[in-house]
Amino acid sequence: MRTVKKILFVCEDMTIGGVQRTLVTLLKNLDYAKYRATLMLAHEKGPLLREIPEQVERIPAPELLSRPRFKKNTICKDCRMMLKQPRQLKSFIKSGVVAWKANAREARESYWTDVYPRMAGDKRPSYEFDVAIAYYDGMGLVNQFVMDSVVSPLKMTWIHGDYRIFGTHSDIERNYIARFDKIITVSDLCKKVLDEEFTEHREKIFVMENLIDRKEIFEKAREKVDPACKGDIHFVSVSRLTKEKGFMLALEAFHKVLREGLNITWEIVGEGPEASALKAYICKNNMEQHVHLLGRQNNPYPYLTRADVFFHPSTDEGKSVSVEEAKIFEKAILVAAYPTVKDQIIDGVTGKVTAIDCDSLAQGIREMALDKNLRERLSAQLRKGYSPAGSMSAFYQLIRS
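Keep in mind it's a predicted model, so treat the numbers as computed, not measured. (Residues numbered from 1 in each chain as written. Predicted model: local features only at pLDDT ≥ 70, side-chain atom pairs only at ≥ 80, totals over all residues. Heavy atoms only, no water.)

**Focus on the sheet that holds strand 1 (residues 5-11)**
Now for step 1: Strands sit in the order 3-2-1-5-7-8-9 across an open sheet of 7 strands; the sheet is parallel. Looking along the sheet, the strands with just one partner apiece sit at the ends: strand 3 (57-59) and strand 9 (205-207). Sheet twist, expressed as the mean angle between neighbouring strand axes with direction ignored, is 25°.
Now for step 2: Pairing analysis gives 4 bridges linking strand 7 (residues 155-159) to strand 8 (residues 182-185), with the strands arranged parallel. Within strand 8, the residue paired with Ile159 across the bridge is Thr185. (Pairing = 2+ DSSP bridges. Helix = DSSP H or I, 4+ residues; strand = E, 2+ residues; numbered from the N terminus. Axes fitted to C-alpha atoms, helices over the stretch in contact; angles between N-to-C directions.)

Below, the structure is given as structure tokens:
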């Protein structure tokens, strides 16, 4: 009788982001005759929860994986937690100082390093799996949990971005990453960065491209949504609204082009901490008829399909899932020159790449709006047979210990 291999995936949450979408795609396409998947989320939240396949076993995360957060908006919750655990107060204060001097993620790493050994004692970890995967270490403890709390002959961490930008680079973080049996990343340039950062561990660093299910996203794209207020040329972005996604600078560039009299519109699908500042800028500059913040949409694909130009002004990326999806829909693509952009776009062939400054972005917007031949040429190149490189066979190869 064939043994079913047990795989644990540990992730931050199920909010709508490229990382979470690729995990859901992986779980939907896993061969459940051969593998049993278990999912643990540090935070049980996000609209993608409803898309997790029923074959996946869900187990709750221990409290230490999710709290304390050491963020400004969680101070009250963190303090209430400490009232219940007075023995951890010294570690809490020490880590709070780290949060003040550095950031919340390093504070959580510090807190785990202090508290976990005392809580665990000599007890054997209670989680045992054939493969344990730290799939998304958004707040710095997923790696620690998998390494310290799970018994498994094969432990893997998945680094979805450019480590130079997204890593904390603390000694704690680096030591944990180095202990994994395999370190997975999403593109050749991201691997090159890791090779340079972890020189002595190059042999265990591997690339697996993001998984994208073409059939599913084409089906979702057929959903009816409210009609767009479109200008002559319509731009669409799908992204988290965080500082590194570059939307404020892009708005300034878009405003510059609008003042020249071009009848262009821009829909931005997504939510995040920059939303209120972006909205304020749009209102201040009377751009409401041209730029529309649509907020979080559980299904972004109907909006993507109606774009004349897919616009991705991000300054920092690993390998953007949204850009890959825009390529599948054969859209003319305008991107900022984030460090790993060459892994996704050949400038002038599969998209247009522009420098990260207001004038350059404005020139890119202007060219894409005015040059119909350029838009058609970029789309035609993608129609020649682009397909995403990620595959389940690559994943199965990786989990063979």
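**Considering the nonpolar core**
Now for step 1: If you look at the biggest cluster of nonpolar residues, it comprises 34 residues, and the most contacted ones within it are Phe9, Ile133, Met156, Trp158 and Phe395.
Now for step 2: Secondary structure elements with two or more residues in this core: strand 1, helix 1 (18-29), strand 2 (35-41), strand 5 (131-134), strand 7 and helix 17 (392-398).
Now for step 3: Sorting elements by how many residues they give to this core places helix 1 first, with 5 residues.
Now for step 4: Setting aside its immediate chain neighbours within four residues, Phe395 contacts Ile7, Phe9, Leu26, Leu30, Ile133, Trp158 and Met208.
Now for step 5: Leu262, Ile264, Ile365 and Leu374 belong to the second-largest nonpolar core, a separate cluster that totals 31 residues. (Core = buried A, V, L, I, M, F, W, Y, C linked by side-chain atoms within 4.5 Å. Buried < 20%, exposed > 50% of the residue type's maximum accessible area, 1.4 Å probe, protein only. Contact = heavy atoms within 4.5 Å.)

**What about a positive patch on the surface?**
Now for step 1: On the surface, Lys45, Lys71, Lys77, Arg80, Lys84 and Arg240 cluster together into a positively charged patch.
Now for step 2: On the basis of relative accessible area, Arg240 is assigned to the partly exposed category, the value being 36%. (Patch = residues over 30% accessible without salt bridge, like charges linked within 9 Å, V, L, I, M, F, W, Y side chains within 5 Å. Areas by Shrake-Rupley, 256 points an atom, 1.4 Å probe, with all protein chains shown as cover. Salt bridge = Lys/Arg side-chain N within 4 Å of Asp/Glu carboxyl O. Lys, Arg positive; Asp, Glu negative; His and termini not counted. Charge placed at Lys NZ, Arg CZ, Asp CG, Glu CD.)

**Structural notes on the packing of aromatic side chains**
Now for step 1: With the rule as written, the count across this model stands at 14 aromatic pairs.
Now for step 2: Linked through ring pairs, Phe9, Tyr35, Tyr135, Trp158, Phe395 and Tyr396 together constitute an aromatic cluster.
Now for step 3: Over the ring of Phe198 we find Arg174; its NZ or CZ atom is 4.7 Å from the centre of that ring.
Now for step 4: In this structure, Lys182 is placed above the aromatic ring of Phe206, and the distance from its NZ or CZ to the ring centre is 5.4 Å. (Phe/Tyr/Trp six-rings, centres within 6.5 Å; stacked < 30°, edge-to-face > 60°. Lys NZ or Arg CZ within 6 Å of the ring centre and 35° of its normal.)

**Details of the packing of helix 15 (residues 358-370) against helix 16 (residues 372-383)**
Now for step 1: Where helix 15 meets helix 16, the closest approach of the two axes is 5 Å, and the angle between their N-to-C directions is 90°. Viewed along their axes, helix 15 and helix 16 adopt a mutual orientation that is roughly perpendicular. The residues of helix 16 that touch helix 15, namely those facing Glu367, Met368, Ala369 and Leu370, are Lys372, Leu374, Arg375 and Leu378.
Now for step 2: Across the contact of helix 15 with helix 16, the residue classes break down as 5 nonpolar, no polar and 3 charged. (Parallel < 35°, antiparallel > 145°, perpendicular 65-115°, else oblique. Nonpolar A, V, L, I, M, F, W, Y, C, P; charged D, E, K, R; others polar.)

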